[in-house]
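Each chain, written out:
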Amino acid sequence: MVKTESFRGRDFITLLDYSREEVETLLEVALDLKRKFAVGEPHKLLDTKTLFMIFYNQSLRTRNSFEAGMTQLGGHAHFLDPSKIYAPALEGDEKAYSTERVSDVARVLSRMGHGIAIRCYGEPVGWVYGRANEIVNNFAYWADIPVINMEDDKYHPCQALADLLTVKEKFGTFRGVRFVMSWAYSPSVHKPLAVPQSAVIAATKMGMDTVLAHPKGMELDDEVIAKCRQYAEENGSGFDIVYDMDEAFEGADVVYPKAWTCRGSIPPWNPTPELDKSQELFDKNKHWICDDEKMRTAGPKAVYMHCLPCDRGFEVTNSVIDGPQSVVFDQAENRLHVQKAVMALTMR
Ligand code: CP
């Protein structure tokens, strides 16, 4: 375990900013807090402290796990809807008396509380890839208190940490675990890249044998792929990209099939997105569904993961997500425990 003092005051925007040892420490603290919660042992580590949560997008798991988590830690999570405040905006995107510059919002909230958490991706930034991440980073630049990323358009580190805790609980180790992040079909072409990108970053960082599977045209960010290759090399573990779901599932310990958008749908990769062409590409790949046959290919010991919400009947069949190999509700529960660890260590 690394010195927990080293976490104090830090932002939590992407797992790229945390070492493997620091991630191990976060998971150990999360397990300790999970045990305390299970046996009713008080753990008011953030007594009277406030987390401001700015949600540009909808949420079930993230909002409720942060709110419940802050209550359990003895503090308060305050929900902020950008349409009910002056929506925090970057310089150049401001509208008089309707928005407020991020630098001002960050400094005001820093005078009143102990952490700022932000969810922003997609529609609020016109689906321009990287713009939401810029907002989160701009908050971090100006705030004097930790900034926590509750999902932007590049990263969803809280989800990835919960996924890691779930794998650790199921397999007891990361070494030798074959982790398959796979694209799956959805009728919606607008799905963020944050979950798959954070999942492969987390898996390779922790030394899992990681496989990324998707149809051609659904590539993730090149910078993310480069980091995954670097981590796999450092750890002496595998990182492969394949274009066939069955091939990826062969011998998998973890399968994580989920839709994400294609480059054709989003600027700046495509400055003039042609959504009908993206829809065509998606619809050609309806067979990328996690069904019983795919789970048989993976084998009886494999677990099925999804961050939720999922598109039932498209990404996955009911029989798989409701079946014995599914661990999706463990993942959802673990959001609570890992986020409490992040808050307890950074916001003390
Ligand atoms: N997985 C996840 O972040 O869920 P919500 O969108 O419900 O917060």
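All of these numbers come straight from a predicted model, not from anything done at the bench.

(A) Looking closely at the domain arrangement of the protein. For the protein, the domain assignment lists domain 1 (4-154 + 334-346) and domain 2 (159-332). Each of domain 1 and domain 2 has a C-alpha centre, and the two are 25 Å apart. Together, the buried faces of domain 1 and domain 2 total about 2,700 Å²; carbon and sulfur atoms form 65% of this surface. Along the contact surface separating domain 1 from domain 2 lie two salt bridges. A salt bridge links glutamate 24 to lysine 168; its shortest N-O distance comes to 3.4 Å. Across the contact surface, domain 1 and domain 2 share 18 residue pairs in polar contact (both at pLDDT 80 or more). Only helix H1 (20-39) and helix H12 (328-346) provide two or more residues apiece to the side of domain 1 that touches domain 2. Among the elements that line the side of domain 1 that touches domain 2, the one with the most residues is H1, at eight residues. Classifying every residue of the side of domain 1 that touches domain 2 gives 16 nonpolar, three polar and nine charged.

(B) Layout of the state of the cysteines. A complete count under the given rule lists zero disulfides for this structure. Considering cysteine sulfurs only, cysteine 310 is the nearest to cysteine 307, which forms no disulfide, with 8.9 Å between them. For cysteine 307, a relative accessible area of 7% corresponds to the buried category.

(C) Spotlight on the environment of phenylalanine 7. Inspection of the secondary structure puts phenylalanine 7 in the segment before H1. Accessibility expressed as a relative area gives 0% for phenylalanine 7, which makes it buried. Setting aside its immediate chain neighbours within four residues, phenylalanine 7 contacts Val2, Tyr18, Glu22, Thr25, Leu26, Leu345 and Thr346.

(D) Seen up close, the packing of helix H5 (residues 157-171) against H12. Contact geometry of H5 with H12 gives a least axis separation of 8 Å together with a crossing angle of 115 degrees. As far as their axial angle goes, H12 and H5 are roughly perpendicular. For the element pair H5 and H12, the recorded crossing hand is right-handed. Judged by residue contacts, Cys158, Gln159, Leu161, Ala162, Asp163, Leu165, Thr166, Glu169 and Lys170 of H5 engage Asp330, Gln331, Asn334, Arg335, His337, Val338, Gln339 and Val342 from H12.

(E) Geometry of the nonpolar core. In terms of nonpolar packing, the biggest core is built from 95 residues, with Ile148, Leu161, Leu164 and Phe179 touching the most fellow members. Structurally, this core is a two-domain feature, drawing no fewer than three residues from each of domain 1 (4-154 + 334-346) and domain 2 (159-332). Filtering out sequence-adjacent residues up to four positions away, isoleucine 148 remains in contact with Phe12, Leu51, Phe66, Ile116, Ala117, Ile118, Cys158, Val342, Met343 and Met347. Among the nonpolar cores identified, the runner-up in size contains 22 residues, and Leu80, Leu109, Ile135 and Val136 belong to it.

(F) Looking closely at the environment of proline 187. Note that proline 187 resides in the loop between strand S7 (178-183) and helix H6 (194-205). Proline 187 gets classed as partly exposed once you look at its relative accessible area, which sits at 36%. Sequence-distant contacts of proline 187, defined by excluding residues within four places in its chain, comprise Gln279, Asp311 and Phe314.

(G) The sheet that holds strand S8 (residues 209-213), seen in detail. The five strands lie next to each other as S9-S8-S7-S10-S11, forming an open sheet whose pairing is parallel. Whereas interior strands pair on both sides, the edge strands pair on one side only; in this sheet they are strand S9 (239-242) and strand S11 (303-304). As paired strands, S7 and strand S10 (residues 254-258) are joined by five bridges and run parallel to one another. Within the sheet, the bridge partner assigned to methionine 181 lies in S10 and is tyrosine 256.

Criteria and thresholds
Residues numbered from 1 in each chain as written. Predicted model: local features only at pLDDT ≥ 70, side-chain atom pairs only at ≥ 80, totals over all residues. Heavy atoms only, no water. Domains from an automatic or database assignment. Buried area = accessible area lost by both parts, 1.4 Å probe. Salt bridge = Lys/Arg side-chain N within 4 Å of Asp/Glu carboxyl O. Polar contact = N/O pair within 3.5 Å; in protein donor to acceptor, adjacent residues only side chain to side chain. Helix = DSSP H or I, 4+ residues; strand = E, 2+ residues; numbered from the N terminus. Nonpolar A, V, L, I, M, F, W, Y, C, P; charged D, E, K, R; others polar. Disulfide = S-S within 2.5 Å. Buried < 20%, exposed > 50% of the residue type's maximum accessible area, 1.4 Å probe, protein only. Contact = heavy atoms within 4.5 Å. Axes fitted to C-alpha atoms, helices over the stretch in contact; angles between N-to-C directions. Parallel < 35°, antiparallel > 145°, perpendicular 65-115°, else oblique. Left-handed = near helix turned anticlockwise from the far one by under 90°. Core = buried A, V, L, I, M, F, W, Y, C linked by side-chain atoms within 4.5 Å. Pairing = 2+ DSSP bridges.

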